[in-house]
Amino acid sequence: MSKEIQRGKLVGQQGSGSIYVDTDGSSYIISAADKWYDRNVKNAYIDTTKLEIHDSRLEKILKVDKFLEVPDFRTTFDKSRANNTNLKIPITRFPLVEYCSQCGTFKEAKPGFSTKKRICHNCEKKQNFIQFPIVVMCKKGHISDFPYFFYTHTTKKRSDVCNRQWIDRTGSSILNWTLRCNCGAYHALTGVTGRSNENGGSPFVNEMRGAKCYGKMPWTGDYSQHECDATPIAILKNALNVYKPETVEALSITESDETYEKEISYNELLLQEFERLNGTKIDGNEDKLKVIKSFSVNSRKIIKSVNFVNRLQQLVVQTNFHREEHSDEMESFEKATVGPRESLIFSKEYKHRNWYPAKKVYGEGIFIEFNSEILQEWETKKEVARHYSNLNRRIGNFYLQERFSSPASIMIHTLSHALIKELSRHSGYPMTAIRERLYLEDGNQGLLLYVTDSDKAGTYGGLVRLANKEKFEQLINKAVNNGDWCSSDPVCYELGQTTGQGIQYSNGAACHNCCFVPSTSCGSRNCFLDRDYLSRFNSNVRITEWFKFL
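Residues numbered from 1 in each chain as written. Predicted model: local features only at pLDDT ≥ 70, side-chain atom pairs only at ≥ 80, totals over all residues. Heavy atoms only, no water.

**A short note on the overall build of the chain**
For the record, the criterion: Numbering of helices and strands runs from the N terminus, with a helix taken as a DSSP run of H or I at least four residues long and a strand as a DSSP run of E at least two residues long. Computation of the radius of gyration draws on C-alpha atoms, with the globule rule given as 2.2 Å multiplied by the number of residues to the power 0.38. When accessible area is computed with a 1.4 Å probe and restricted to protein chains, residues below 20% of their type maximum are described as buried, those above 50% as exposed, and intermediate ones as partly exposed. For this analysis, residues touch if any pair of their heavy atoms sits within 4.5 Å.
When you go through the chain residue by residue, the secondary structure sums to ten helices and 21 strands. Compactness check: the chain gives a C-alpha radius of gyration of 26 Å against a globular reference of 24 Å for 550 residues, within 12% of the reference. For the C-alpha atoms alone, the extent of the chain along its principal axes is close to 85 × 65 × 40 Å. Taken across its 550 residues, the chain has 54% of its residues classed as buried. Considering only contacts within the chain whose residues lie at least 6 apart along the sequence, 68% involve residues at least 24 apart.

This is the structure:
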C-alpha cells in the first residue's frame with residue numbers, strides 16, 4: 001500500500017509507533033525506524049551514508065555515532081540521485097478489528113489489507129468495513145486491538161453458539177453503543193475509556209473485571225502477546241495521548257570536537273546556545289546561526305538587549321516515544337542520555353542501535369536577554385517570595401518544578417506566551433508555528449521566540465523584522481497590558497492566589513482564556529504561568545510596578 005506522508009512529520013508526531021490516519025479515514029501504524037532503511041527491499045539501492053547527519057555535541061550526549069535523515073521517495077528515473085531509490089516507509093493497517101457499516105458485525109482484517117470492502121458473512125455480500133475506533137494501550141508503549149469478544153462476554157461465559165458479535169449503534173456517540181453476541185451476551189461501552197489511576201486500575205480494567213496489558217508491538221511487526229505489568233487503558237485511536245514523541249532539539253552551533261569529550265547536562269546545552277544568541281561567543285558560521293544586535297537597554301530595565309536571529313538551524317532528534325503520559329524536552333533529554341538501547345522506535349531484534357532518526361529545520365527568530373540583577377532584586381521582595389512559596393507548597397512533587405525554580409522563570413514563561421499571542425497577530429505566522437525556547441539559569445536568562453521550516457531556504461522574515469526597537473516596544477507593551485484582564489476573571493486570578501489551577505495546580509492567574517498557547521508552541525505543557533507576576537495591575541507582586549521592560 002502507498003500513502004503520502006510529509007517527510008518532516010516522521011520525526012516527531014508521525015514517528016515510529018504512531019497511528020497515521022489517511023484521507024479516506026483508514027488508519028495505519030508507522031513501522032519501527034530500523035525498517036525504514038531495509039536493504040532487502042526489491043529494487044532499492046541503499047547507501048545510508050548519504051542520509052547521515054553529524055553533530056558531535058548531540059552524538060556525545062545521546063551516546064550514538066550518527067543520526068539518519070528520513071529517506072524521501074525517489075525513483076530510478078532520477079539519474080542525479082541514483083542511491084536510496086524506491087525506499088518506502090513501511091506501514092501496516094491498525095486497528096485490525098473492523099465492523100460492517102451496514103449490520104455492525106465484527107471482523108478482523110489482516111495487517112496487509114488496504115481495502116475497505118470485504119464480504120460480510122451476515123449481509124452475505126461485499127460491504128464497507130470501518131475500523132473499530134477504540135484501542136488498548138499502556139504507559140510502556142504497547143498497543144493492541146480492543147478485545148471485543150472478551151469484553152462482550154465479561155459477565156456471561158462463551159457458549160458453542162457464539163458465532164457473531166456486532167455493535168448495537170444506538171446513540172450519537174460510540175461510547176453510548178453496546179457490543180452484543182448472538183448468545184445473548186452484551187456489554188455497553190459507556191465508561192470504558194479513561195486514564196489509569198494511582199491504585200493500578202483504569203475504567204477498562206474495571207469493565208473487564210480485571211485485565212492485563214497484552215504487550216503487543218504491532219509497529220515492529222510483532223503481534224504476539226508479551227508479559228507486561230503496566231495498567232492497560234482503552235482510548236480512542238485518534239486521541240492526542242495515544243502517541244507522545246520524545247525529541248531532543250538543539251540549535252546547530254560550530255564547536256570543535258574537543259569540547260565534547262565529557263558529557264554535558266541539559267542546562268549546559270542551553271548555556272552554549274545562550275552565549276551565541278546574546279553575542280558572548282561568535283563562531284563565524286552564519287549558515288547555521290546568524291545573530292545581529294537590534295538594540296540594548298540601560299541597566300535599570302528588565303530587558304537587557306534584543307537581537308535579530310536572521311537565520312538559525314535546528315537539529316531535531318527523536319529518541320523514543322511513550323503513550324498516555326505527557327513529558328517535555330528536558331525529561332526526554334534526561335531519559336535519552338542512557339542511549340538507544342531501550343528505545344521503542346527500534347525493533348527488539350535490531351542490534352545496530354548506534355543512531356537515531358533526525359531532521360534539520362531552518363528558520364528565524366527574536367532573542368531577548370533579561371537583566372539578571374533586576375530580576376534578583378525583584379525576587380527579594382517579601383510579597384514575591386511568599387507568592388512563590390505558596391506555589392511550592394501546593395504542587396508537591398512535579399518534574400517540571402526544578403526548571404521553574406524562581407519567580408523570574410515563571411515571569412519569563414508568562415511573558416513568552418503573551419508575546420507569542422501578540423507576534424502571531426503581526427508576523428504572518430499562526431500561533432501554532434511560533435515556538436519558545438527558554439533559558440532560565442540564574443545570570444543567563446533569555447527567551448528565543450522562533451519559527452522553522454524543513455525547507456533549507458528557511459522562512460520569510462515575517463517574525464525577525466519585529467525585533468526592530470520601535471516595533472518591539474509596541475509589541476511588548478501590548479502583550480503585557482493585554483494580560484491585565486482575563487475573560488474568566490475574577491475566578492482566574494482568585495484561583496491563582498488560593499488553590500492554583502492547571503496541571504498539578506502549577507499555574508497561578510493563568511488559564512485557557514488568557515495565557516495558554518498551543519502545545520506546539522510551549523514545551524512545558526502550559527505549566528508554571530502566572531499573570532500576577534507580569535500583567536495584572538492590582539497584583540502586589542507585579543514586576544512592572546518596579547521597572548519598565550524597555
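On we go.
**Examining the nonpolar core**
The tendency in soluble globular proteins is for nonpolar side chains to be buried as a group. Convention followed: Residues belong to one nonpolar core when they are buried, are Ala, Val, Leu, Ile, Met, Phe, Trp, Tyr or Cys, and are joined through side-chain atoms within 4.5 Å.
Ranked by internal contacts, the top residues of the largest apolar core, which has 63 residues, are Leu58, Leu62, Phe67, Ile143 and Leu448. With six residues, strand β18 (residues 303-322) is the largest single contributor of residues to this core. Within the second largest apolar cluster, 55 residues are counted, among which are Leu415, Leu419, Ile420 and Ile476.

**Regarding the sheet that holds strand β9 (residues 125-131)**
The pairing of strands in a sheet comes from backbone hydrogen bonds and takes either a parallel or an antiparallel form. Heads up, the rule is: Strand pairing is assigned whenever DSSP detects at least two bridges linking the two strands. All axes here are fitted lines through C-alpha atoms, helices being fitted over the stretch that makes contact, and every angle between N-to-C directions spans 0 to 180 degrees.
The strand order across the open sheet built from four strands is β7-β6-β9-β8, with neighbouring strands paired in antiparallel fashion. In the strand order of this sheet, the two ends are held by β7 (106-108) and β8 (117-120), each with one partner. Neighbouring strand axes in the sheet, compared pairwise and without regard to direction, differ in orientation by 50 degrees on average.

**Digging into the confidence of the model for the chain**
Detailed reading of the predicted coordinates is not advisable wherever pLDDT is low. To keep things clear, this is the line we draw: For every residue, the pLDDT score states the predictor's confidence, bounded by 0 at the bottom and 100 at the top.
For the chain, the average pLDDT comes to 87, and 93% of its residues sit at 70 or higher. Across the chain, the secondary-structure element scoring lowest on mean pLDDT is helix α5 (residues 329-336), at 80, and the one scoring highest is helix α8 (residues 407-426), at 96.

**Brief notes about the pairing of strand β2 (residues 27-30)**
Burial of β2 is two-sided: the residues Ser27 and Ile29 facing one way and the residues Tyr28 and Ile30 facing the other way are all buried. With antiparallel pairing between neighbouring strands as the criterion, strand β1 (residues 19-21) and β2 make up a hairpin whose turn holds five residues, including glycine 25 at a positive phi of roughly 95 degrees. Sheet topology note: the β2/strand β5 (residues 91-93) ladder contains three bridges and is antiparallel. Across the sheet, residue isoleucine 29 finds its bridge partner in β5, namely threonine 92.

**Details of the packing of helix α6 (residues 372-379) against α8**
Applied cut-off: Nonpolar residues are Ala, Val, Leu, Ile, Met, Phe, Trp, Tyr, Cys and Pro. Charged residues are Asp, Glu, Lys and Arg, and all others, Gly as well, are polar.
Interaxial distance between α6 and α8 falls to 9 Å at its minimum, and their mutual angle equals 115 degrees. Note on element contacts: α8 touches α6 through Pro407, Ala408, Met411 and Ile412, opposite Leu375, Trp378 and Glu379. Residues belonging to the contact of α6 with α8 are distributed by class as follows: six nonpolar, no polar and one charged.

**Here's the deal with the pairing of strand β17 (residues 289-296)**
With seven bridges joining them, β17 and β18 adopt antiparallel strand pairing. Residue pairing across strands places leucine 289 opposite leucine 312, the latter belonging to β18. From the end of β17 to the start of β18, which pair antiparallel, there are six residues.

**Describing the pattern of salt bridges**
As a reminder, the rule being used: Throughout this description, the term salt bridge denotes a Lys or Arg side-chain nitrogen within 4 Å of a carboxyl oxygen of Asp or Glu.
This model, assessed by the stated rule, comprises 17 salt bridges. A salt bridge links glutamate 275 to lysine 281, with the shortest nitrogen-to-oxygen separation between them at 3.7 Å. The class for glutamate 275 is buried, based on a relative accessible area of 18%. Classification of lysine 281 as partly exposed rests on a relative accessible area of 39%. Residue aspartate 532 pairs with arginine 536 through a salt bridge whose shortest N-O separation is 2.5 Å. Look at aspartate 532 and you get buried, because its relative accessible area is 1%. Overlapping salt bridges bring together Arg93, Glu98 and Arg118 as one network.

**A word on the packing of aromatic side chains**
Going by this rule: Centre distance within 6.5 Å is the pairing criterion for rings of Phe, Tyr and Trp, where only the six-membered ring of Trp is used; planes under 30 degrees apart are then read as stacked, over 60 as edge-to-face, and the remainder as tilted. Note on criteria: charge over ring means Lys NZ or Arg CZ within 6 Å of the ring centre, with the direction from the centre no more than 35 degrees off the ring normal.
For the structure on display, the rule yields 22 aromatic pairs. Look at phenylalanine 149 and phenylalanine 150: their rings are 5.8 Å apart centre to centre, the planes differ by 85 degrees, and that puts the pair in the edge-to-face class. Note on phenylalanine 149: relative accessible area 15%, which makes it buried. One Lys or Arg, arginine 323, reaches over the ring of tryptophan 219 and ends 5.3 Å from the middle of that ring. Looking at arginine 536, its charged tip hangs above the ring of tyrosine 493, at a distance of 4.1 Å from the centre.

**Considering the packing of α8 against helix α9 (residues 469-482)**
Pairs of packed helices are described in terms of their axes, by the angle between the two and the distance that separates them. The test is simple: Each angle gets one of four labels, with under 35 degrees taken as roughly parallel, over 145 as roughly antiparallel, 65 to 115 as roughly perpendicular, and the rest as oblique. For any pair of crossing helices, the crossing counts as left-handed if the nearer helix is rotated counterclockwise from the farther one by less than a right angle, and right-handed if it is rotated clockwise.
At their nearest, the axes of α8 and α9 sit 9 Å apart, and the two run at 120 degrees to each other. Compared by their axis directions, α8 and α9 come out oblique. Between α8 and α9 the crossing geometry is right-handed. Residues Leu415, Ala418, Leu419, Glu422, Leu423, Arg425 and His426 of α8 form the contact with α9, whose participating residues are Leu475, Ile476, Lys478, Ala479, Val480 and Asn482. Class assignment for the residues of the contact of α8 with α9 results in eight nonpolar, two polar and three charged.

**Describing the side chain of serine 521**
Operational definition: The definition of a polar contact used here is a pair of N or O atoms within 3.5 Å, where within protein one atom must be able to donate a hydrogen and the other to accept one, and adjacent residues in sequence count solely through side-chain atom pairs.
Within the secondary structure, serine 521 sits in the segment after α10 (491-497). Residue classification places serine 521 among the buried residues on the basis of a relative accessible area of 2%. A polar contact of 2.8 Å, which involves the side chain of serine 521, links it to the backbone oxygen of isoleucine 434. Beyond its immediate sequence surroundings of up to four residues, serine 521 is in contact with Ile420, Met431, Thr432, Ile434, Arg435 and Glu436.

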